[in-house]
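# Residue-level structural notes
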Amino acid sequence: MATTTVTAPPARPRNRRLKGAALGVTAWLAGLLFVAPLLWMVLTSFHSEPDAATNPPSLAASLTLDSYREFFGVDGGASPWPALVNSTMASVVSTLLTLLLALPAAYALSIRPVKRWTDVLFFFLSTKMLPLVAGLLPIYLFAKNTGLLDNVWALVILYTAMNLPIAVWMMQSFLSEVPVAIIEAAQIDGARLPTVLGRVVAPIALPGIAATALICFIFSWNELLFARVLTGVVAETAPVFLTGFITSQGLFLAKVCAASLVISLPVLAAGFAAQDKLVQGLSLGAVK
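From a predicted model like this one, the values you see are computed outputs, not experimental measurements.

What counts, and at which threshold
Residues numbered from 1 in each chain as written. Predicted model: local features only at pLDDT ≥ 70, side-chain atom pairs only at ≥ 80, totals over all residues. Heavy atoms only, no water. Helix = DSSP H or I, 4+ residues; strand = E, 2+ residues; numbered from the N terminus. Buried < 20%, exposed > 50% of the residue type's maximum accessible area, 1.4 Å probe, protein only. Contact = heavy atoms within 4.5 Å. Areas by Shrake-Rupley, 256 points an atom, 1.4 Å probe, with all protein chains shown as cover. Expected span 1.5 Å × (residues − 1). 1 Å grid on protein atoms, 1.4 Å probe; cavity = no way out; pocket = protein on both sides within 12 Å on 5 of 7 lines; lining within 4 Å. Points joined across faces, edges and corners; volume = space filled by probe spheres on them. Nonpolar A, V, L, I, M, F, W, Y, C, P; charged D, E, K, R; others polar. Phe/Tyr/Trp six-rings, centres within 6.5 Å; stacked < 30°, edge-to-face > 60°. Lys NZ or Arg CZ within 6 Å of the ring centre and 35° of its normal. Salt bridge = Lys/Arg side-chain N within 4 Å of Asp/Glu carboxyl O. pLDDT = per-residue confidence, 0-100. Axes fitted to C-alpha atoms, helices over the stretch in contact; angles between N-to-C directions. Parallel < 35°, antiparallel > 145°, perpendicular 65-115°, else oblique. Left-handed = near helix turned anticlockwise from the far one by under 90°. Core = buried A, V, L, I, M, F, W, Y, C linked by side-chain atoms within 4.5 Å. Polar contact = N/O pair within 3.5 Å; in protein donor to acceptor, adjacent residues only side chain to side chain.

### Notes on the overall build of the chain
Per the secondary structure count, the chain includes 14 helices and 2 strands. Expressed as a percentage of its 288 residues, the buried residues of the chain come to 33%. Relative to all contacts within the chain whose residues are 6 or more apart in sequence, the contacts with residues 24 or more apart total 75%. Surface accessibility of the chain: about 17,400 Å² in total, with carbon and sulfur atoms responsible for 70%.

### Thoughts on helix 10 (residues 206-222)
If you check helix 10, its first and last C-alpha atoms are 24 Å apart, about what 17 residues at 1.5 Å a residue would give, namely 24 Å. Among all positions in helix 10, only P207, G208, I209, A211, T212, A213, L214, C216, F217, S220 and W221 are buried.

### Considering the layout of surface pockets
Considering only enclosed or pocket space, the largest pocket measures out at about 270 Å³ in volume. Forming the boundary of the largest pocket are T127, K128, L130, P131, L132, G135, I139, L158, A161, M162, P165 and F226. Classifying every residue of the lining of the largest pocket by side-chain character gives 9 nonpolar, 2 polar and 1 charged.

### Looking at the packing of aromatic side chains
Tallied over the entire structure, the rule returns 5 aromatic pairs. Between F72 and W81, the aromatic rings sit 5.6 Å apart at their centres with planes inclined by 35 degrees, giving tilted as the arrangement. Of the aromatic side chains, those joined through ring pairs into one cluster are F71, F72, W81 and F241. Above the face of the F252 ring, K255 is positioned so that its terminal group lies 4.1 Å from the ring centre.

### Topic: the pattern of salt bridges
Evaluated as defined, the whole model comprises 2 salt bridges. The salt bridge partner of E70 is K255, with a shortest N-O separation of 3.2 Å. Taken as a pair, E70 in helix 3 (residues 66-71) and K255 in helix 13 (residues 253-273) lie far apart in primary sequence, 185 residues in all. Judged by relative accessible area, which is 14%, K255 ranks as buried.

### Some thoughts on unusual backbone geometry
Even without being glycine, D150 reaches a positive phi, approximately 55 degrees. For D150, a relative accessible area of 24% puts it in the partly exposed group.

### Some words on the confidence of the model for the chain
On average, residues of the chain score 83 in pLDDT, and 88% of them reach the 70 mark or higher. For the stretch residues 284-288, pLDDT sits under 50, and the model shows 6 contacts to residues farther than four places along the chain or on other chains.

### Comments concerning the packing of helix 8 (residues 180-188) against helix 9 (residues 193-204)
Contact geometry of helix 8 with helix 9 gives a least axis separation of 11 Å together with a crossing angle of 160 degrees. On the basis of their axis angle, the class for helix 8 and helix 9 is roughly antiparallel. Considering how the two elements wind past one another, helix 8 and helix 9 form a crossing that is right-handed. Across the interface between the two elements, I182, I183, A186 and Q187 of helix 8 pack against V196, V200, V201 and I204 of helix 9. Taken together, the residues of the contact of helix 8 with helix 9 break down into 7 nonpolar, 1 polar and no charged.

### Digging into the nonpolar core
Counting residues in each nonpolar core, the largest one holds 26 residues, and the members touching the most others are Y107, M171, L175, I183, V196, V201 and I209. Contributing elements (two or more residues each) for this core: helix 4 (81-110), helix 7 (152-175), helix 8, helix 9 and helix 10. Here L175 is in contact with L103, A106, Y107, S110, I111, V201 and A205, once residues within four sequence places are set aside.

### Concerning the side chain of T237
Mapping T237 onto the fold places it in the loop between helix 11 (225-230) and helix 12 (238-243). Its relative accessible area of 2% is what places T237 among the buried residues. Ignoring sequence-local partners within four residues, the contact set of T237 consists of A83, S87, L155 and A227.

### Concerning empty space enclosed by the protein
Applying the stated criterion across every chain, the model contains 1 cavity of 30 Å³ or more. Taken together, S87, S91, Y159, S220, W221, E223, T237 and P239 form the lining of the largest cavity. Residue assignment for the lining of the largest cavity shows that the elements contributing at least two residues are helix 4 and helix 10. Of the residues in the lining of the largest cavity, the class split is 3 nonpolar, 4 polar and 1 charged.

### So, the side chain of S94
With respect to the helices and strands, S94 occurs in helix 4. Assessed through its relative accessible area of 0%, S94 is described here as buried. Polar contacts involving the side chain of S94 include one to the main-chain carbonyl oxygen of S91, which spans 3.1 Å. Beyond its immediate stretch of four places on either side in the chain, S94 contacts M89, V156, Y159, T160 and S220.

In structure tokens form, the structure reads like this:
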């Protein structure tokens, strides 16, 4: 009489579990390491200036909102709202213009590639290799002669030109994943190029477009060098306003931390809101 033996499924190797636990702990430590400066900035922003300047810093110091009141001009100081509005306008408008110009260019380089399209992409990217300070004087003279000094539209044009190469490079890789058969089917049905770009290509490449838009917005919002040189009072941006807290009387650490946190919130909020599209876009759609 034959007997059957039931074999238990192989147990998961112990070293694999240890390796997974080690990777998890390492990931948590790396995450805490990256977020620690931000948490420290948040805590310091709620301290008074004497407590923020102590060395070593005091974790148990009393909390106060004085730094935020001074930043928003509640006690009679300079208001940050004009600078925040200028930064929002320059960043949002330049990002929209960059996307409007980059989408057709990326379409021509990916779905309908021109001759030697790799050389074209390299030329676009090579423009980002120029040091910013090398173009500072010519751009300043151009803005002065055209009456664009201390004008937010000068920053819009400049940020659009600065972000356009990297936007074309990124969106070309995203649009190359769009099936050509869908585009050809739309063209057979009579769809023209604007319709193909707006109703066929853009929805499919939405994660890549969102990732490109977020990166262009961050680059524009954080730019300081040209904003510092080309603006004065009327078109002052948020990063330029932030440098005003570093005075000859010293560094007001609590106010700088409060201002830095408030100015960073739009970028953090945009990144959090578009995090799923950002992950899909930067991974070329591999993460669904």
